[in-house]
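# Chains, contacts and geometry: an overview
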Amino acid sequence: MKRFVAKHLLFLLLTLFAVSFLVFTLNEFSPGAVARKILGAYATQEQVDLLTKQMGLNRPVLVRYVDYLGALASGDLGYSTRFKAPVRDVIFRHLANTALLAAIAFACIVPLSTLLGVVAGMREASRLDRAILMFSTVIASIPEFALGVFLASVFVVWLGWLPGTATLVAGGGWSVAAQLVLPVAVIVLFDAGYVVSMIRASMVEVMQRPYIRTAVLKGLPFRSVILRHALRNAMLTPVTIIMLQINYLIAGVVVVETVFAYPGFGRMILEAALFKDIALIEAGALVAVFLAVVTNILGDLAYMLLDPRIRA
Amino acid sequence: MSTPIAAGTLSRPTPAAARARVMRRWRRRLAALGESTPATVGIVIVLAWVTLALLAPLIAPYPPNANDMTALAHTTPSRAHWLGTDHLGRDILSRILWGARPVLVIAPLAVLGAAALGSLLGLAAGYYGRWVDLVITRVCDIVLSFPVIILYMIILAHFGSSAWNIIGVLTLTKAPIIARIVRGMTLDLREREYVAAAKMRGESPLYIMLVEILPNARGPLVVDMCLRTGYNVIIIGALGFLGIGLPPPDPDWGGMVKDTYGMMMVWPHMALFPCAAISSLVVGFNLLAVGLRELGLRD
């Protein structure tokens, strides 16, 4: 257990170093580029040169990278030129918004896809299984923005039941709760399609094991075979996949956020990238990778806790 | 010419016989595909889009970027414009037909690139083991742990987006997944007798990897490539929707939605039709993948 944690923490550090170095060199390799991005396209070359010298950008890229790491270590993430605020505050605000969306979506995805996946996988190739498999395949095939447009055209344009944007400002007569319905629905549908097929595949595999046949032949009711014998083993592989969804829910939902104008983390990075807001891009990338690796580790941990065979 | 037939077929089949055998094998495979309903539906959808894309210059009623100013007063579907026009008076049907072309070139090309790069990495990692394996696996893990859409945003916003840049980032981010699959299979396959035999014959490692191991790993690889193609179509659409996809004005499904979804309260058709187009294409690829997997499991 101690070795496991140590190994993964080492990998986390290694990944953070690799990514921070890559993003840093990508953005700041040529000294003039940074000053140019800060001053904008209309600054004269002299102004750019002056700022480059003032900021010490004409030093070798490695020296600047070490400086940057030092600033990071002291908690200084820089200043966002896009949002005109310290990067730390900007990231925290958007991350909190996304966490709200992700938490609601996650709370819907896990029970929904477990139920559908188990029900489909317990009798392979039955009519119910085929129906669920087809439904999840088709739903997972529709891009998020298309799903958003389809749902919005029904519930916003046609029926007028829900608002088409989720800016989290309770204006226009719509509560925040009503605003969250469509973004959550799009995320849940798109993501659950994938998770259902994973849980189903695992369940199908477990149902073919000899001990399930024994339990059935012993005369146990089908219900208790599923709930007490199959379920736990069938959730072993998917639990890692489910944990990986947290990563998608936080960093991958930029498309959904854009459809509904939701002020979340993904859209913040998109705006930073388009605006060439270097400090925000660098810090945002680090936060995204940190979350990704941590959810990965949590997935492995959950797997270890569920499976006594590899509990070291 | 009269070559001794018995000796010829045993050591080296004639080109005609070999071709006939390949043809037979393919016919058998196609017949097998027909047995699976999802695979059949998937193939029909994908082939329909390929045909429409190929014929776009002939069947599109208008040039994709031509503005019909007279249509602006009445943009909804009509006899002149079957699917209506967009906010700039461009015929939506023509733009959807033309928009199928870049997607159907970029998505498969990126998958092929990822398959080539990923197979090489996976083969090397699985075959050599030790530090080669360690380095390749770690690098792949790092790339895989990065939320890809954020990577795309940073790279494409930095280098600008063109078809080649999109193919590049899709190749680089998908290769590790393929590498992981191929590595797993190589670990298993390298212990087989025919690999040992090839080693004893003195074949080079490259020959063993490409000729002895890779062909035996192709089953899961083909299914995965099919899924990746559908997934790439989604990403290309998403990039277009986010405004970092193929540059305007040439039609691109994601870009068409981006330009018009803000007007959905008034003209929902402008965004709905391109959304339906991209969804149907991805459904086609994914159904095909489901069907292929079923067929693979059956034998």
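Just so you know, these numbers come straight off a predicted model, no measurement behind them.

Reading guide: rules and limits
- Each residue is numbered by its place in its chain's sequence as written, counting from 1.
- Lettering of chains starts at A and numbering of ligands starts at 1, both following the order in which they are written.
- Reporting in this predicted model follows two pLDDT cut-offs: at least 70 for local features of residues, and 80 or more for side-chain atom pairs to be given and counted; totals over whole chains, interfaces and linings ignore these cut-offs and use all residues.
- Helix and strand assignments come from DSSP, with helices taken as H or I runs of at least 4 residues and strands as E runs of at least 2, each series counted from the N terminus.
- Burial in this document is a count-based property: other C-beta atoms within 10 Å of a residue's C-beta are tallied, and the residue is buried at 20 or more, exposed at 12 or fewer, or partly exposed in between, with C-beta positions derived from the backbone.
- Here, residue contact means that the backbone-derived C-beta atoms of the two residues sit within 7 Å.
- A set of buried Ala, Val, Leu, Ile, Met, Phe, Trp, Tyr and Cys residues, joined to one another through C-beta atoms within 7 Å, is what we call a nonpolar core.
- Gly is put with the polar residues, along with every residue not named as nonpolar or charged; the nonpolar set is Ala, Val, Leu, Ile, Met, Phe, Trp, Tyr, Cys and Pro, and the charged set is Asp, Glu, Lys and Arg.
- Fitting a line to C-alpha atoms yields each axis, with helices limited to the stretch in contact; the angle taken between N-to-C directions then spans 0 to 180 degrees.
- Should an angle lie under 35 degrees it is considered roughly parallel, over 145 roughly antiparallel, and from 65 to 115 roughly perpendicular; all remaining angles are considered oblique.
- In a left-handed crossing the near helix is turned counterclockwise from the far helix by less than a right angle, and in a right-handed crossing that turn is clockwise.
- A helix is expected to span 1.5 Å for every residue after the first.
- Think of pLDDT as the predictor's per-residue confidence, scored from 0 to 100.

Once that is clear, we can look at the overall build of chain B. Regarding its fold elements, chain B presents 12 helices and 0 strands. The N-to-C order of helical and strand elements in chain B reads α-α-α-α-α-α-α-α-α-α-α-α. By its C-alpha atoms, chain B is 75 × 50 × 35 Å across when sized along the principal axes. Within chain B, the proportion of its 299 residues that are buried is 46%. Of the contacts made within chain B by residues no fewer than 6 positions apart, 71% connect residues no fewer than 24 positions apart.

The helix and strand tally for chain A stands at 14 helices and 2 strands. Taken along the three principal axes of its C-alpha coordinates, chain A extends 85 × 55 × 25 Å. Among the 312 residues that make up chain A, the fraction classed as buried is 39%. Taking as baseline every contact in chain A between residues at least 6 positions apart, the subset at least 24 positions apart corresponds to 72%.

The next point concerns the nonpolar core. Val149 of chain A together with Met153 and Ile154 of chain B are the most contacted members of the largest nonpolar core, which has 164 residues in total. Among the elements that take part in this core, helix H4 (residues 92–128) of chain B stands out by supplying 18 residues, more than any other. Among all residues touching Val149 of chain A, those that are not within four sequence positions of it are Val257, Tyr261, Met264, Ala271, Leu272 and Cys275 of chain B.

A separate point is the environment of Phe17 of chain A. With respect to the helices, strands and loops of the structure, Phe17 of chain A is situated in helix H1 (residues 2–28). Considering only alpha carbons, one finds Phe17 of chain A and Leu69 of chain A, 52 residues apart in sequence, at a separation of 9.3 Å.

Turning next to the environment of Val222 of chain B. Residues and elements named next belong to chain B. Mapped onto the elements, Val222 comes out in helix H10 (residues 218–242). The class of Val222 is partly exposed, set by 15 C-beta atoms lying within 10 Å. The spacing of Val222 and Ala198 is 24 residues in sequence and 25 Å in space, taken between C-alpha atoms.

This part takes up the interface of chain B and chain A. Listed as interface residues are 31 residues of chain B and, on the opposing side, 36 residues of chain A. Taken together, the elements giving at least two residues each to the side of chain B that touches chain A come down to helix H5 (130–145), helix H6 (148–159), H10 and helix H12 (269–298) of chain B. With 10 residues, the single largest contributor to the side of chain B that touches chain A is H12 of chain B. Its residues assigned to classes, the side of chain B that touches chain A shows 25 nonpolar, 6 polar and no charged.

Our focus in this paragraph is unusual backbone geometry. Residue Lys84 of chain A is not a glycine yet carries a positive backbone phi of 50°. Residue position: Lys84 of chain A is located in the loop between strand E1 (79–80) and strand E2 (85–86). Classification of Lys84 of chain A by C-beta neighbours within 10 Å gives exposed; the count is 8. The backbone of Arg130 of chain B sits at a positive phi, close to 50°, despite the residue not being glycine. Among the secondary structure elements, Arg130 of chain B is positioned in helix H5. C-beta crowding within 10 Å serves as the criterion here: with 8 such atoms nearby, Arg130 of chain B is assigned to the exposed category.

This part takes up the packing of H1 of chain A against helix H4 (residues 61–73) of chain A. All names here are of chain A. Relative orientation of the contacting elements H1 and H4 amounts to 125°, with a least axis distance of 11 Å. Accordingly, the angle class assigned to the pair H1 and H4 is oblique. Viewed along their axes, H1 and H4 form a crossing whose handedness is right-handed. Residues Phe21, Phe24, Thr25 and Glu28 of H1 touch H4, and the partners they reach there are Val61, Arg64, Tyr65 and Tyr68. Of the residues assigned to the contact of H1 with H4, the class counts are 5 nonpolar, 1 polar and 2 charged.

Once that is clear, we can look at the environment of Arg123 of chain A. Residues and elements named next belong to chain A. Residue position: Arg123 is located in the loop between helix H5 (87–122) and helix H6 (127–141). Judged by the 15 C-beta atoms lying within 10 Å of it, Arg123 falls in the partly exposed class. Spatially, the C-alpha atom of Arg123 lies 7.6 Å from that of Val204, the residues being 81 residues apart in sequence.

A word on H4 of chain A. A rise of 1.5 Å per residue sets the reference length of H4 of chain A, with its 13 residues, at 18 Å; its end C-alpha atoms lie 18 Å apart and thus fit the reference within 8%. Gly75 of chain A sits one or two positions beyond H4 of chain A and adopts a positive phi of about 85°.

Among the 8 residues of helix H9 (residues 210–217) of chain A, 0 are classified as buried, and the element is accordingly described as predominantly exposed. Of the residues flanking the end of H9 of chain A, it is Gly219 of chain A, one or two places downstream, whose phi is positive at about 95°.

This brings us to the packing of helix H13 (residues 265–275) of chain A against H6 of chain B. The geometry of H13 of chain A relative to H6 of chain B is characterised by a closest axis approach of 8 Å and an angle of 10° between their N-to-C directions. When the interaxial angle is binned, H13 of chain A and H6 of chain B end up roughly parallel. Contacts between H13 of chain A and H6 of chain B involve Ile269, Leu270, Ala273 and Leu274 of chain A from the former and Ile150, Met153, Ile154 and Ala157 of chain B from the latter. A class-by-class count of the residues in the contact of H13 of chain A with H6 of chain B yields 8 nonpolar, no polar and no charged.

What follows concerns the confidence of the model for chain B. In low-pLDDT regions, the fine details of the predicted coordinates are not to be read closely. Residue and element names in this part refer to chain B. Mean pLDDT over chain B stands at 83; residues scoring 70 or higher make up 95%. Per-element averaging of pLDDT across chain B places helix H1 (residues 5–11) at the bottom with 47 and H4 at the top with 91. Across residues 1–9, where pLDDT falls below 50, the model places 3 contacts with residues more than four positions away in sequence or in other chains.

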